Amino acid sequence: MVREAERADAIYDEVQEQQGAPEERRERPWKRYLEAELGLRNHWYPAFFSNELKEGETRHEMLLGERIYFKRVRGRVFAVEDRCPHRAAPFSSRVECYTANTITCPVHGFTYDIRDGKLVSILTENDSALVGKLSVPPYPVEEKFSLVWVYIGDGEPRALREDVLPTLWNTPDLVMLPTTRYKIRANWRVAIENGYDTGHLYGHRNWASAWRYGAVLPIGTVNKTKDDIVLLEEPGAPVGMHVKSSVNTWVGEVEGVKVHMNMLDLDNVPPKEGGLYPPGFGPFLPCGLDVPGFPRPGLFHWEWYVPVDEEHHMYTILQGAQAQTEEERENFHREHEEYLARDVWVDPGTARAMEPPGFNNFDSFGREVMQHAYKNEDWWRRERLYKADYTIIQWRNLVSRHAEVVQTRAARGFAKPDSLTRSYPENPIP
Amino acid sequence: MVREAERADAIYDEVQEQQGAPEERRERPWKRYLEAELGLRNHWYPAFFSNELKEGETRHEMLLGERIYFKRVRGRVFAVEDRCPHRAAPFSSRVECYTANTITCPVHGFTYDIRDGKLVSILTENDSALVGKLSVPPYPVEEKFSLVWVYIGDGEPRALREDVLPTLWNTPDLVMLPTTRYKIRANWRVAIENGYDTGHLYGHRNWASAWRYGAVLPIGTVNKTKDDIVLLEEPGAPVGMHVKSSVNTWVGEVEGVKVHMNMLDLDNVPPKEGGLYPPGFGPFLPCGLDVPGFPRPGLFHWEWYVPVDEEHHMYTILQGAQAQTEEERENFHREHEEYLARDVWVDPGTARAMEPPGFNNFDSFGREVMQHAYKNEDWWRRERLYKADYTIIQWRNLVSRHAEVVQTRAARGFAKPDSLTRSYPENPIP
Amino acid sequence: MVREAERADAIYDEVQEQQGAPEERRERPWKRYLEAELGLRNHWYPAFFSNELKEGETRHEMLLGERIYFKRVRGRVFAVEDRCPHRAAPFSSRVECYTANTITCPVHGFTYDIRDGKLVSILTENDSALVGKLSVPPYPVEEKFSLVWVYIGDGEPRALREDVLPTLWNTPDLVMLPTTRYKIRANWRVAIENGYDTGHLYGHRNWASAWRYGAVLPIGTVNKTKDDIVLLEEPGAPVGMHVKSSVNTWVGEVEGVKVHMNMLDLDNVPPKEGGLYPPGFGPFLPCGLDVPGFPRPGLFHWEWYVPVDEEHHMYTILQGAQAQTEEERENFHREHEEYLARDVWVDPGTARAMEPPGFNNFDSFGREVMQHAYKNEDWWRRERLYKADYTIIQWRNLVSRHAEVVQTRAARGFAKPDSLTRSYPENPIP
């Protein structure tokens, strides 16, 4: 079922009504969203890029507070919990792989088949009766679109397709290239809201590479009617929303000082009403944002805010283009390498001389500076939303309606948050 | 009403009786003081020195756990909460001032008049209906005695005069110069008690600059009678106490080894009884210490232990002198610059070659080494006070009697203590 | 009473039965052990090596969360709590010793006789009535076997003998040399279990110095019958256990790949059954491991995992040999210096060029990588033990039976765990 945002046309009234409600009532519509600090179970998540794990290699990642150990065996990627079931030593603490199919715990020699997690040998006790009985919990894994996807959840996983951003799944002849995976200190919800937040365009007004893409952007937009947002809630398909069109603010003013994008020609301000976003733009469960047509028509930008723990998400950006010939593919490769990737994101600390920040670096800034208050100062309640935040309200309600299982630390027996970032030493033996 | 310390002349008996009482009873007289870990609301605090904020500039400070953003507009200093009411981004995370009167949130362009906190424009939504309705909480500010004072409290502020150290307010022809503002890891109560604690003179016995001021100090003093302490509790005037005179210990002894100040002539030990402190010496609410006549008659020393959070105070020292002519003023400037400031305080890490610590550096040491146990090991109960601590007992009772509102984190919706010192990155964009 | 392990011969069945039990029941037999996160009170602990404290010197150590201040006076070592009873300043924050017998608090000059903890003088108040009444809690101290032992407990201490590893106390003509004291981030229980854990031999298979000692080790052993473990529970003697003999795994196999010690001759594999451990090998209360005959017959290795706080133990290794003549003693000194010490332990960060890790460095690795999950992820319950862990089960039960008083933070009024490692600055005055 594709349904339109059900509430009043008077978006501003709705936001205000919601905001004016007594505190108790205010949070009610998106209560489950507020609980989802660690993300949503029973979904597929992009864990890392395919090119980050070569044949025979292993790597570990934390997603939704879970520690996962990956290995590529004859091309295919498998994953298990990064804890030996015997006494919890992480497989990743010292890599011991005697054969392609197996991983061995470095402390007591428990050896598991990475393909199904089953204990195949205890090196330290010949013919142990535990063999065949013990196993390390495996994770379903799929590899597609140059990403390795892992299913965090219980029971039979849903089809991968339901958790892949629509334009990534549906566009023919796509070529795509990894742009970044960067761990950022902000909860995944603060991050995703910032991704499609129609008011934070303001921060992009000084984007240095705008000229390259002819990107004359407003400094803010609001939705005019409920039709601006189409909620996608079809069973068996990705759940998300399309943000269709907008009322744009091209020029803001403070005591006579005009504020606008650096590219804007003040003598030629575009019309106030009109679609800013290309068809298909919008956030999707569990944690992705579909941005077709960015930074210019014909290009594709997909990004995810993968929950790592309560205070961090992995900011994952994939860029793509349609290409039917080898030459077109090569052109995209070249364009990506020469400027496209770094026009949108420059890993902190890697800027070249005089290189300006990328478009999305501002987004990262916004998330980081809001995180502290949302986490520690009760701002999920204290926030005062405005008209542009209508998309955020719709998103929160959408997630609350579709969250099957909210990930919680207590239910998983995980580490307490304050100890999350500490870990075993990388190489404790001199 | 100026009242004398009401209790027995037998000070030692009182301290001991208090100490010998059952645990439950022991803390009773100063229960409210024990609650005031974050300081007292409804008072004026010296936030920073006037010369730390120039025309048009902004700065942020934390006082009593509150994050405050200051701006100087046409000479006058204004302050608001350092959180945009929309979604909590700190104004200080990136300074955006389009006009002299305004501050703008760097994430969504909400723009406020710093003079009253009112929202004057949302750059990202022309003609937003929120304009005039939303505001960021403003703080009353006054500037006087080369300090910017901010009122942390509710309702109409009391007169500034009630919270200024008496000799600073009352002495004619004062010239004053900032000496330091240094953040120290100790609760403000541990700090202020250490400031006038008549027993810790011991630690100053090796003060290297004593010769310059002819400062022959005892290594400890105790109050002889209740008259030694005059409690100042007049309505409408600063609440505090004057410590008037003393029984001095000039020489201590351990198994025949004599311990005394380096300046003391053992053949000419001053009389045991006699006033050490100049008239006017003593602690005052909310967190200051008045030290006229230090380090020598004719000079003035004022210091404050401004609560930052539960574990830190801002140690603020102002020094002054009376000066009627330009020449006298210049002399004080020169003296301050050449030695006076550094005789009392050397910022850690800034000592010049062979430069000894300042007088008050020892005080900082004392606070820091007591802090851990008071904070974490229940020493507000476990301490065993002695005769010299009579001034401390009087102070605790005084504060408990006059604390209108104790600052608490819960009531303010603030950050949890353990996350206090983390903040947004200074400059997260590469 | 020396009693044999009371349970079934079928060790594997017992481990499995225990593991298969419902969660509630599973932890029952060693419940008190689980509570003993901070260690056991009423025991003697090796605090440091004799040569770490010279005549007249002081030092501070934390054991079981308690802060202790030591001083050597005319050859004998004394200890008191490292907190002045007045206002908690640590004596160790600035050493002030006016005489051999005394320590002085650097803040207010309270001076105590280190030999009994009694207040002998307050430098800042002549003839204080508190003298003779106040004292700082003293700790019983003994010095023996080149170690300074401190009694952490209440009342009259048990005889030191009950807490010294048996071969250290009983072997005649011993000469012994300190090898290391190194603070490691793992709870003392994770550490000691790893010390005699008969399955973790696996990790030692690549020990570089094995050739020197002719050490051909299996990669794992299990106990065959209950007779393999002798529980020592005689009153008045050390409580612990002897692990006597073993079923050895010399070669493990994963999909046809053989895994074994680097020294093993595959054409000449030793018999499967047979005693690996020399007589006397095993763990003893409160926290030691007796390892006679290591790394070769005739040498002695003693080690302790002294609880520092919940997350750290002090790994203390002492090595020895029997020597009747001066020449024999000198030989051992030379051997220890040239290779013996560093064959078993290389302090992290001190490895010489090309120097391999010592035998016990692997043990440290094992403890560190298991610690996080045991501390934070509930692995005391989630662990799945195997046959080799029979010794661990017996140890846990043994400790639970004999733990007189479990050390707890709440009962001692100590610092909260998260603030344990913070302390006063070493040298806060510039």
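Residues numbered from 1 in each chain as written. Chains lettered and ligands numbered in written order. Predicted model: local features only at pLDDT ≥ 70, side-chain atom pairs only at ≥ 80, totals over all residues. Heavy atoms only, no water.

A. Up close: the packing of aromatic side chains. The full count for this structure, using the stated rule, is 63 aromatic pairs over all chains. Geometrically, the ring pair formed by B:Tyr277 and B:Phe281 is stacked, given 4.4 Å between the ring centres and 10° between the ring planes. Look at B:Tyr277 and you get buried, because its relative accessible area is 12%. Judged by relative accessible area, B:Phe281 falls into the buried class, the value being 5%. Chaining the aromatic ring pairs together yields one cluster made of A:Tyr33, A:Trp188, A:Tyr374 and A:Trp380. We note A:Arg94 situated over the ring of C:Phe365; from NZ or CZ to the ring centre the distance is 3.7 Å. When the ring centre of C:Tyr202 is taken as reference, the NZ or CZ atom of C:Arg205 above it lies at 4.1 Å. (Phe/Tyr/Trp six-rings, centres within 6.5 Å; stacked < 30°, edge-to-face > 60°. Buried < 20%, exposed > 50% of the residue type's maximum accessible area, 1.4 Å probe, protein only. Lys NZ or Arg CZ within 6 Å of the ring centre and 35° of its normal.)

B. Representation of the interface of chain A and chain B. If you look at the interface, chain A gives 53 residues, while chain B gives 48 residues. Summed over both partners, the interface of chain A with chain B buries about 4,100 Å², with 57% contributed by carbon and sulfur atoms. At the boundary of chain A and chain B, one finds 20 residue pairs in polar contact (both at pLDDT 80 or more). Breaking the side of chain A that touches chain B down by element, the ones donating at least two residues are α1 (11–20), α5 (188–196), β14 (220–222), β18 (252–254), β19 (257–259), α8 (359–376), α9 (379–382) and α10 (390–402) of chain A. Per-element accounting of the side of chain A that touches chain B gives the leading share, twelve residues, to α8(A). (Contact = heavy atoms within 4.5 Å. Buried area = accessible area lost by both parts, 1.4 Å probe. Polar contact = N/O pair within 3.5 Å; in protein donor to acceptor, adjacent residues only side chain to side chain. Helix = DSSP H or I, 4+ residues; strand = E, 2+ residues; numbered from the N terminus.)

C. Representation of α5(A). Counting buried residues along α5(A), nine of its nine residues qualify, which places the element largely inside the surrounding structure. Among the residues making up α5(A), those that are buried are A:Trp188, A:Arg189, A:Val190, A:Ala191, A:Ile192, A:Glu193, A:Asn194, A:Gly195 and A:Tyr196.

D. Inspection of helix α8 (residues 359–376) of chain C at higher detail. Of all the bends found along α8(C), the most pronounced is centred on C:Met370 and spans about 35°. For α8(C), a buried count of 17 out of 18 residues is recorded, marking the element as mostly surrounded by other parts of the structure. (Bend = angle between axes of the 7 residues up to and from the residue.)

E. Spotlight on the domain arrangement of chain A. All names here are of chain A. Taken as a whole, chain A is organised into domain 1 (2–39 + 159–406) and domain 2 (48–146). The C-alpha centroid of domain 2 is placed 36 Å from the C-alpha centroid of domain 1. On the domain 2 side, the residues contacting the 19 residues of domain 1 number 14 residues. With both sides pooled, the region where domain 1 packs onto domain 2 buries about 1,300 Å², and carbon together with sulfur makes up 71% of that total. Looking only at domain 1, the three residues that lose the most surface to domain 2 are Leu 160, Pro 178 and Arg 181, adding up to 39% of its buried area. (Domains from an automatic or database assignment.)

F. Summary view of the interface of chain A and chain C. In this complex, chain A contributes 49 residues to the contact, which on the side of chain C involves 53 residues. A combined buried area of about 4,100 Å² lies between chain A and chain C, and 57% of that area is made up of carbon and sulfur atoms. Counting the contacts that link chain A with chain C gives six salt bridges. C:Arg382 serves as the salt-bridge partner of A:Glu81, at 3.6 Å between the closest nitrogen and oxygen. Applying the counting rule to chain A against chain C returns 20 residue pairs in polar contact (both at pLDDT 80 or more). Counting residues per element, the ones that place at least two in the side of chain A that touches chain C are β7 (102–104), β8 (110–113) and β9 (119–122) of chain A. (Salt bridge = Lys/Arg side-chain N within 4 Å of Asp/Glu carboxyl O.)

G. View of the side chain of B:Glu61. Residues and elements named next belong to chain B. Following the sequence through the fold, Glu 61 ends up in strand β4 (residues 58–63). A distance of 2.8 Å separates a polar atom in the side chain of Glu 61 from a polar atom in the side chain of Arg 59. At 2.9 Å, the side chain of Glu 61 and the side chain of Arg 181 are in polar contact. Filtering out sequence-adjacent residues up to four positions away, Glu 61 remains in contact with Ala 47, Phe 48, Glu 66, Arg 67, Ile 68, Phe 70, Arg 181 and Met 314.

H. Representation of the relation of the copies chain A and chain C in the model. The operation relating chain A to chain C is a screw motion whose rotation component is 120°, with 0.1 Å of axial translation and a residual RMSD of 0.0 Å. The operation mapping one copy onto its partner corresponds to a three-fold rotation axis. (Least-squares fit on C-alpha atoms with pLDDT ≥ 70 in both.)

I. Examining the packing of helix α5 (residues 188–196) of chain B against helix α8 (residues 359–376) of chain B more closely. Residue and element names in this part refer to chain B. Orientation of α5 relative to α8, taken along the N-to-C sense of each, is 140°, at an axis distance of 9 Å. As summarised for this structure, α5 and α8 are arranged oblique, according to the angle between their axes. You can see that α5 and α8 cross each other, and the crossing is right-handed. Only Asp 363, Gly 366, Arg 367, Met 370, Gln 371 and Tyr 374 of α8 make contact with α5, whose side of the interface consists of Val 190, Ala 191 and Asn 194. Its residues assigned to classes, the contact of α5 with α8 comprises four nonpolar, three polar and two charged. (Axes fitted to C-alpha atoms, helices over the stretch in contact; angles between N-to-C directions. Parallel < 35°, antiparallel > 145°, perpendicular 65-115°, else oblique. Left-handed = near helix turned anticlockwise from the far one by under 90°. Nonpolar A, V, L, I, M, F, W, Y, C, P; charged D, E, K, R; others polar.)

J. Region of interest: the pairing of strand β15 (residues 229–232) of chain C. All names here are of chain C. Burial of the side chains of β15 extends over both faces: Ile 229 and Leu 231 are buried on one face and Val 230 and Leu 232 on the other. Sheet analysis places β15 next to strand β16 (residues 240–243), joined by four bridges and oriented antiparallel. Bridged to Leu 232 within β16 is Gly 240. (Pairing = 2+ DSSP bridges.)

K. Quick look at unusual backbone geometry. With an omega of 0°, the peptide bond running from B:Leu285 to B:Pro286 counts as cis. Positive phi values are uncommon outside glycine, yet C:Asp173 reaches one of about 55°. Considering the arrangement of structural elements, one finds C:Asp173 in the loop between α4 (166–170) and β13 (174–184). Judged by relative accessible area, C:Asp173 falls into the partly exposed class, the value being 39%.

L. Layout of the pattern of salt bridges. Going through the model one piece at a time under the given rule, you end up with 90 salt bridges over all chains. B:Arg67 is the partner of A:Glu377 in a salt bridge, and the nearest nitrogen-oxygen pair spans 3.5 Å. Of this pair, A:Glu377 sits in the loop between α8 and α9 while B:Arg67 sits in strand β5 (residues 66–73), each in a different chain. Taken individually, A:Glu377 and B:Arg67 each receive the classification buried, so the pair is uniform in this respect. A salt bridge links B:Glu143 to B:Arg72; the shortest N-O distance between them is 2.8 Å. Of the two residues, B:Glu143 is situated in strand β11 (residues 141–144) and B:Arg72 in strand β5; the sequence distance between them amounts to 71 residues. On the basis of relative accessibility, which here comes to 32%, the residue B:Glu143 falls in the partly exposed class.

M. Summary view of the sheet that holds strand β10 (residues 138–139) of chain B. Residue and element names in this part refer to chain B. With antiparallel pairing, the four strands of this open sheet are ordered in space as β4-β5-β6-β10. Each edge of the sheet is formed by a strand with only one pairing partner; in this case those strands are β4 and β10. Two strands pair when backbone bridges link them, and β4 and β5 are joined in this way by six bridges, in the antiparallel orientation. Bridge pairing links Leu 63 to Glu 66 in β5.

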